[in-house]
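So the chains spell out like this:
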Amino acid sequence: MKKLFIILTVILLFVGPGCQKDWLERESRTLITDDKVWNDPSLILGLLANYYNSLSFDESNDNNTNMARYDDAMWSGSGDGTNKSTNFGFSTWTLWSYTLIRNINKSLEELEKYSTLSPAIKKQFSAEFRFIRALHYFEHVKRMGGVPLITTQLIYNFSGDVTPLQIPRAKEYEVYDFIASEMDAINNDIGNVGSQTRANKYTCLALKCRAMLYAGSIAKYNSAMAVPIATDGGEVGIPVSMAAGYYQKALAAADSILLSGNYSLYQKNNDLGQNFFEVNNVKSANPEVIFAKDYDYSKGKSHNFTQNNIPYGLKEDNISSSVTPVLNLVENFDYLDGSDGALKTRTVNNSDYIYYNALDDIFDNKDARLYGTVIYPGTKFRDENVVIQAGVKIWSATTNSYTTLETGDPGTLYTDGGIFKGSSGPHRTQANVTSTGFYIRKGLDPTKGASTRNVLSSTWWVIFRLGEVHMNAAEAAFELGNVPLALQHINKLRERAGFPANSLSTLTMDKIMKERRNELAFEDHRLWDLIRWRKAQELWNGDNNNPKAMLYALYPYRVINSSDPSKNGKYVFDKIKSPRLLYARYFQMGNYYSQISSTVLNNNPKIVKNPFHTY
Amino acid sequence: MSKRLNYFSLSRKKSDFSRNMKYAILFFFMSVFGTAGLAFSQTLTVSGTILDPDSQPLIGATVLVHGTTNGTLTNVSGNYTITNVAKNDSLEFSFVGMETQVIPVNGRAKIDVALNLSSKVLDDIIVVGYSTQSKRTISTAISAVQSEELTRTSATNPSAALAGKIQGVTSRAADGRPGSNTNIQIRNMGAPLFVIDGIPVGQGYTTFDNMAIEDIESITVLKDASAAIYGLRASNGVVLVTTKTGTRSDEAKISVNGYYGFQNFTRFPDVVNGQQYVLAKLQSIQNQGGNPNTLYTPDQYQKFVEGTEYGYKSYDYRAAVVRNNIPQTYINANASGGTKRATYYLSVSNVNQSAILKDYSYSRTNVQSNITASLVKGLTIGSKMSLQVADTKMLGVSGSDEYEAPFKSIIDGWPIQSFYANDNPDYVNETHNRAYNPAVYNRDFTGFEDSKFTIANLTLDAEYNFGFGLKAKAMGQYMYQVREMTNFEYKYKTYKYDALNDKYITDPNWGNQNVFLEGLKSFAVARFLSFQLTYNKKLNDHNISAVAAYERSDRDNNELENVSSPPTNYIQKITFGEMNNMYDTWSLEARAGFIGRINYDYRQKYLLEVLARYDGSYIYAPDKRWGLFPAFSAGWRVNQENFFKNSLGNLFSDFKLRFSLGKTGSESGVSAWDYVPKFNYSQGNAILDGVYVTGVSPAGLPITNISWVNNISTNLGVDIGMLKGRLNFQFDAFQRKRTGIPAGRYDILLPSEVGYSLPNENLNSDATVGVEGMVSYKGEVGDFRYSVSANATLSRSKTLETYKPRRSNSWDEYRNSSEGRWNSTAWVYDCIGQFQSVEEIENYKINNDGKANSTMLPGDLKYRDVNGDGIISGFDQVPLGYATGSNPYMSYALNTNLSYKAFSLSIDFSGGTMQTYSIGNQVRVPFYSDGSAVSYMATDVWHQADPYDNTSAWIPGTYPAIRSNDTGHSNYQNSDFWYINVTYIRLKNCELSYSLPKSILSKLGGIQRVRVYVNGSNLFSLDPLRKFKLDPEISASSALVYPQSRMINTGFNITF
């Protein structure tokens, strides 16, 4: 009896915990099923957060390498980055990202179908989804030309027949028209007025304004090429006849934003250079920013732009100084008296250097936007000196010439006790020290700790701002023949940069291009502007002796000349080819429209390839 | 004679004491299990003496009434007394290593026995999964290794100890850092399933590698269809681990084992000194067409040659990082034994290994307790408890891997840069990359990364023996696993020396300016429950055994990681305000299976086995969850046939043919809940109107059409014993064919514009084929005993079919097709020599660098223009190598044991071939990533006699002329100049031991064994990587990895 009792106890001991209904049927703690999403506005907002976050741009604070890919800057970080590319691969800017399109189409349909939220809320969410989709299509069309316009979910029924899913490319202008009509359709439903991080009516207008300007200039300048780039089906190339219509729409969209009075140019700091820097960097009560991608370190969302680009002498972590502006950009900024921006390093007859008392004297009276964009020798960042000095030049009375010394670590002193090499370089080879003599300022976060790996930066990335709207309006007006209106817009921006009122009285396209480069440097415009103006292949022709395709550096030296006190201790400057850049920029005809991958072509036989591409 | 008696009377007290202690311990355990009542009924008492072949008394030999559990042990004089014996019973006499004898009592009261040495030592019965089986009746490819062979090592974990011991088990010790595992695989099929004491613990090496080697009784490896009994996770074979248990009616046995040893690196490359560094830099500028004067003038170079002035001195980074003769210690104590109704094995061990790098170490403590008790007749319950605590200490160096940083500093640090400013140890120098300055590698300076890994297991089991061959067993386990890690990187200042003013200057931006504190806690709970019935019956000449079982398990994994920046180095506490990031992850697994197996043999001549597992996994959709995995095997012991016995019986003691065929599964290409339509939470995020919003993202199409990969294993084997079992062969040919490897069905070309892709389906197939063999011989000449065993495995996989391959042209097919080809072939340029002169380059017809040879210099590598188009391009790459990261396709080992009287020598060689090592990055390109260079790559090079004179003569070397950090140069492309096919053999282990003879032991009273030894591991290796000073087993192509250590240790084993 006792034995039986013991045996039964032991059996119960094991069988007890063994009773559970279906061992393999488990609940997940981290997944949300379909039905839970559409009636919960906070989860729909989560979807929006994901979609906003998925938007990608060529130049941005979390993709700063591309800023060093063109003619405004080069790479001084570790590795060779873009310095050794002999040309741009045809897939450099390829984008064919339909996952986001599908997710948005699915969201639009399921929101309509499953949600029991009020019609107003549904309308507002729908409008916001459609804005993101349109912006995403814009990112496609400017790279690829016309792409298939897909606005509903394409559902495969597993029948083996995929032909109903094969959508051909739309004509290039159809995509631009789609963006315009979508913006017109949603801008009254979208709400969010006052928001700078969710799209509102003016964000829609800003997108429409930019897209229409692009479409107009492609219509005009592509057609003006000796052999316009085009495909038979119009997937690439816009008829010249459409140009004026697009310019008018761009101008009208700009006017709607400007006349609304909701935005104004940022003019809060009397120091004009610092003011221009603050245009992109100040987040609170910034009247100029229309739409930006925001970051907040305290919530774990930050970016490493500042860590990557802080001047070497100011770095707080192991990385620094990746994107370094080049002399080409610096000289694009004119002097405030209207004279050309080329820096004066030699006497007029080129017999000797010009001797400057301070490192920044050579930049005196420059367009204030230079200060706001570039850290140049003799200036500060974060209230700390950024010491940029390549070395010393020692005068030898016997040979009547200078000996240049610059080998050594940044931050070393010369035997005379003065600075030998600045704590921020420049250095010809060392990674993470500028090799051009400049550092980027625009977008750099002056907060202490922002360049450390743990903290990183919380500055936002501006996508649309009023300055661009002015530039767009100026260009559209100029193309439409309204030069006075164009001058009005441009001079307003020049005034903010320190120029006197009405500093320009005549206008050419070249001047507009110059102004646009100055105003919008490192804001993801330079490449796309040159592409739509069909200028890229002309400027960046791959010739190492072409000053527009090759990139240049400015190396400051301290003069040691015991025989001439008027020169001793002063500063002179050498303009040199950027030491780490091996090849001039080379943009080919096949770069105007990026290559469609063979996978995409194989998957859909109705997709035609772009011109100049082997597949 | 009287002297001897005297001695016994002296020692009696001592052994009484120890015996009392042992009884006290036993009593404790027995009372724990509530088994106080012991019943006896006298019938007959038998006593006698048991002697060994040398007529010495055998101490602790077992005497059992045959067929019962009634038994006793011999005492120190070899005497036994057993009560409760019926007149017609038989007595069974046994002792480890001796042949068991069964003698009928026939009413006698005194039986003396002399036991003979057994020819089949211990390996007679092996664990085969859900039961044990006599080796003779096994018809599948199963190998086992016993504890004695495993403990003969300085390895700290069982996988390293297992390497080279069994044919079919391949290994590569790619990383030798303390506490790292050796990547063992069965027949190169991938990570095997580990089953510890009957409980599958998964395909991770962690749990297995944290076991104490001493606690392992045996390891069995299921290599073929026999693994099918583990179903869905058994595709790569199964490793069964059994821990030690006490023996019933054994006297308490206590063992203490330990060693102390010294470690040094096997190999690590030398780096340049200051003068060599500067010269190579100057040559690089010259080679690249620049002016070396812009770097250093000849005067400056001369100062580097002299190397006396601060700023021009040379610093040995390697010596600053690598230490010599670093200790490793090991200690274990265990007690085992039993009574008539209970057994126990208790063990505590600790292994402590300091790394060759300062302030890095590994230490592990293991506790194992295995206890069984009979509650009532037929019912036995047991518990197994184990605790494994592993401590790893490292420095907190910024960078991806804490161990990599010191190695990187050796090759990355510029030898002309001092560790300390002005060599003053109070001021750490601000070097070009401060994370790679050896001066910071100090726990108090840079911080630490410490982790503690704890695994606690509790297993309870109960077994009921019905008495007619049927047994029922239940087993349950609860496993709790915790990993805690703290990574604390301190902030610190660095300095430069201002020689002019004799001052040390610093800058807020130098040094490490911010504190990084990361705390990680992960914990897992695994549960396991099984019920099992076994049945054994012998009916005349027919032997039948059967197993039926049900088991299920689950595992819940949680991990919480916090990252913060505290203000100082002193606060090792994460506060909410200073936190930068927090990660919370969770995952789950659940499995269940029904198991059945029947073994049948006829007079142990014809062997047949049929088994199946009906296995289910949580990972698949409900209607795809369960699968049947059957297997069968058959064997024929030809030597049992009369015709064979009559003709060859004298020559062959064993001749067995085996064949097996079975199916296993593997989970691949799918994750949990993929079959549900869903949204993923926490995918991206955005700050919208200043508020942080967690992103939600629609998942892709639900995956409902995929199932596990099916693996069909086939094995054909032969076992041969000759010369009365002295000479043994085992040979197997095998194939594992996998079908249903997930791949896309791409004849349904969904347009990319649909925005999703079709889920993978079970479409592709491949096969792993190979052969393995083992031969062993053991013999003795007088007192000299020896055994030699060699084994080898050749196993490689090839793709059979891919789903409807489409190739756009014949070159595409040649280059990219995998069908019918061996996997993991390396495609590289065929280097056909080096340019010998400038003239040769000028006259060279083939465009070797794609730039009309404008970048070519004497000494540069010439590649074969395979397609003859006059230009070297990707089209000229040819298959010249094997896989670079996996285990060698062929492995071999040679294990030798020699003993003479009390001395014993073991020598274990192991090696491999058909593996490729790619010399890469830091060891291929001089000054890679702006670092330094290994010396042969910077000194034994083609160069011009005078770096400042471009007209000076070229001087030949082994390696191409230096181009600093020019990774894109044609010289540094993948070619067979850098891809080395490695064939190696290394002396893995060599041990010389001395055991005190019994004559001395018997005077020590109670001490059964004293053995001392000297052991050396990784003493040398023959291989082609010797000239690069690289260990042949590493796989990291940059060589920035902890190589194997050479170790010499001295140790002891004492049993009493």
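Here, the structure is the one placed above.
Residues numbered from 1 in each chain as written. Chains lettered and ligands numbered in written order. Predicted model: local features only at pLDDT ≥ 70, side-chain atom pairs only at ≥ 80, totals over all residues. Heavy atoms only, no water.

**Student:** Looking at this model, I keep getting lost on the overall build of chain B. Mind explaining?
**Tutor:** Within chain B one finds 14 helices and 49 strands. For 1056 residues, the compact-globule estimate of 2.2 N^0.38 gives 31 Å, and the C-alpha radius of gyration of chain B, at 33 Å, lies within 12% of that figure. Overall, chain B is about 105 × 75 × 75 Å in size when its C-alpha atoms are taken along their principal axes. Relative to its full complement of 1056 residues, chain B shows a buried share of 54%. Accessible surface for chain B amounts to roughly 43600 Å². Of this, 55% is attributable to carbon and sulfur atoms. (Helix = DSSP H or I, 4+ residues; strand = E, 2+ residues; numbered from the N terminus. Rg over C-alpha atoms; globule rule 2.2 N^0.38 Å. Buried < 20%, exposed > 50% of the residue type's maximum accessible area, 1.4 Å probe, protein only. Areas by Shrake-Rupley, 256 points an atom, 1.4 Å probe, with all protein chains shown as cover.)

**Student:** For this particular structure, what's the right way to read helix H15 (residues 509-520) of chain A?
**Tutor:** Since the α-helix turns once every 3.6 residues, residues separated by three or four places project in the same direction. All names here are of chain A. The first and last C-alpha atoms of H15 sit 16 Å apart over 12 residues, in line with the 16 Å expected at 1.5 Å per residue. Along H15, the residues that are buried comprise Met509, Ile512, Met513, Glu515, Arg516, Arg517, Asn518, Glu519 and Leu520. Directly beyond the C-terminal end of H15, a positive phi value near 60° is found at Phe522. (Expected span 1.5 Å × (residues − 1).)

**Student:** Where do I start with the sheet that holds strand E14 (residues 552-560) of chain A in this structure?
**Tutor:** In a beta sheet, neighbouring strands are held together by backbone hydrogen bonds and run either parallel or antiparallel to one another. Residues and elements named next belong to chain A. Pairing in this open sheet of four strands is mixed, and the strands run E9-E8-E14-E15 from one edge to the other. Where the open sheet ends on each side, the last strands, each with one partner, are strand E9 (401-405) and strand E15 (571-577). Neighbouring strand axes in the sheet, compared pairwise and without regard to direction, differ in orientation by 35° on average. Bridge analysis of strand E8 (residues 391-396) against E9 gives five bridges, and the strand direction is antiparallel. Note on E9: the bridge partner recorded for Lys393 is Thr404. (Pairing = 2+ DSSP bridges. Axes fitted to C-alpha atoms, helices over the stretch in contact; angles between N-to-C directions.)

**Student:** When you look at unusual backbone geometry in this model, what are you seeing that I'm missing?
**Tutor:** Glycine aside, negative phi is the norm for most residues, and most peptide bonds take the trans geometry. Going from Gly425 of chain A to Pro426 of chain A, the amide bond is cis rather than trans, its omega being 5°. A positive phi angle, near 70°, is found at Asn432 of chain A, a position not held by glycine. Along the chain, Asn432 of chain A turns up in the loop between strand E11 (419-421) and strand E12 (439-440). Although it is not a glycine, Asp423 of chain B sits at a positive phi angle of roughly 60°. Within the secondary structure, Asp423 of chain B sits in the loop between helix H8 (404-412) and helix H9 (443-446). According to the relative accessible area criterion, Asp423 of chain B is partly exposed, its value standing at 28%.

**Student:** So what exactly am I meant to see when it comes to the environment of Val610 of chain B here?
**Tutor:** All names here are of chain B. Mapped onto the elements, Val610 comes out in strand E29 (residues 606-617). Distance in space between the C-alpha atoms of Val610 and Ser226 is 9.6 Å, their sequence separation being 384 residues. Apart from residues no more than four positions distant in its own chain, Val610 is found in contact with Gly596, Arg597, Ile598, Ala631 and Phe632. (Contact = heavy atoms within 4.5 Å.)

**Student:** Honestly, the environment of Ile1034 of chain B in this entry has me stumped. Any pointers?
**Tutor:** Residue and element names in this part refer to chain B. The residue Ile1034 is located in the loop between strand E48 (1021-1022) and strand E49 (1045-1055) in this model. Using a relative accessible area of 3% as the deciding quantity, one classes Ile1034 as buried. Remark: the alpha-carbon pair of Ile1034 and Ala173, spanning 861 residues in sequence, is separated by 6.6 Å. For Ile1034, the residues in contact, after removing those within four places along its chain, are Arg172, Ala173, Ala174, Tyr917, Ala1039, Val1041 and Pro1043.

**Student:** Help me understand the state of the cysteines in this model?
**Tutor:** Each disulfide is one covalent bond, formed between the sulfur atoms of two cysteines. Summed over all chains, the structure comprises zero disulfides over all chains. Cys209 of chain A takes part in no disulfide bond, and the closest cysteine sulfur, belonging to Cys204 of chain A, lies 13 Å away. (Disulfide = S-S within 2.5 Å.)

**Student:** Can you walk me through the packing of helix H14 (residues 483-496) of chain A against H15 of chain A in this structure?
**Tutor:** Each pair of packed helices can be summarised by the angle the axes make with each other and by the distance between the axes. Residue and element names in this part refer to chain A. Interaxial distance between H14 and H15 falls to 11 Å at its minimum, and their mutual angle equals 40°. Between H14 and H15, the interaxial angle falls into the category oblique. In this structure, the crossing between H14 and H15 has a hand that is left-handed. Facing Ile490, Leu493, Arg494 and Arg496 of H14, the residues of H15 in contact are Ile512, Glu515 and Glu519. Class assignment of the residues belonging to the contact of H14 with H15 gives a composition of three nonpolar, no polar and four charged. (Parallel < 35°, antiparallel > 145°, perpendicular 65-115°, else oblique. Left-handed = near helix turned anticlockwise from the far one by under 90°. Nonpolar A, V, L, I, M, F, W, Y, C, P; charged D, E, K, R; others polar.)

**Student:** It is not clear to me how the nonpolar core should be interpreted in this structure. Could you clarify?
**Tutor:** Nonpolar side chains in soluble globular proteins tend to be buried together. In terms of nonpolar packing, the biggest core is built from 171 residues, with Phe129, Phe131, Tyr176 and Ile290 of chain A touching the most fellow members. For this core, the leading source of residues is helix H7 (residues 201-223) of chain A, giving 14 residues. Every residue in contact with Phe129 of chain A, bar those within four places of it in the chain, is listed here: Ile44, Leu47, Leu48, Tyr51, Ile104, Ser107, Leu108 and Leu111 of chain A. In terms of nonpolar packing, the next biggest core, distinct from the first, is built from 71 residues, Tyr277, Tyr360, Ala405 and Phe927 of chain B among them. (Core = buried A, V, L, I, M, F, W, Y, C linked by side-chain atoms within 4.5 Å.)

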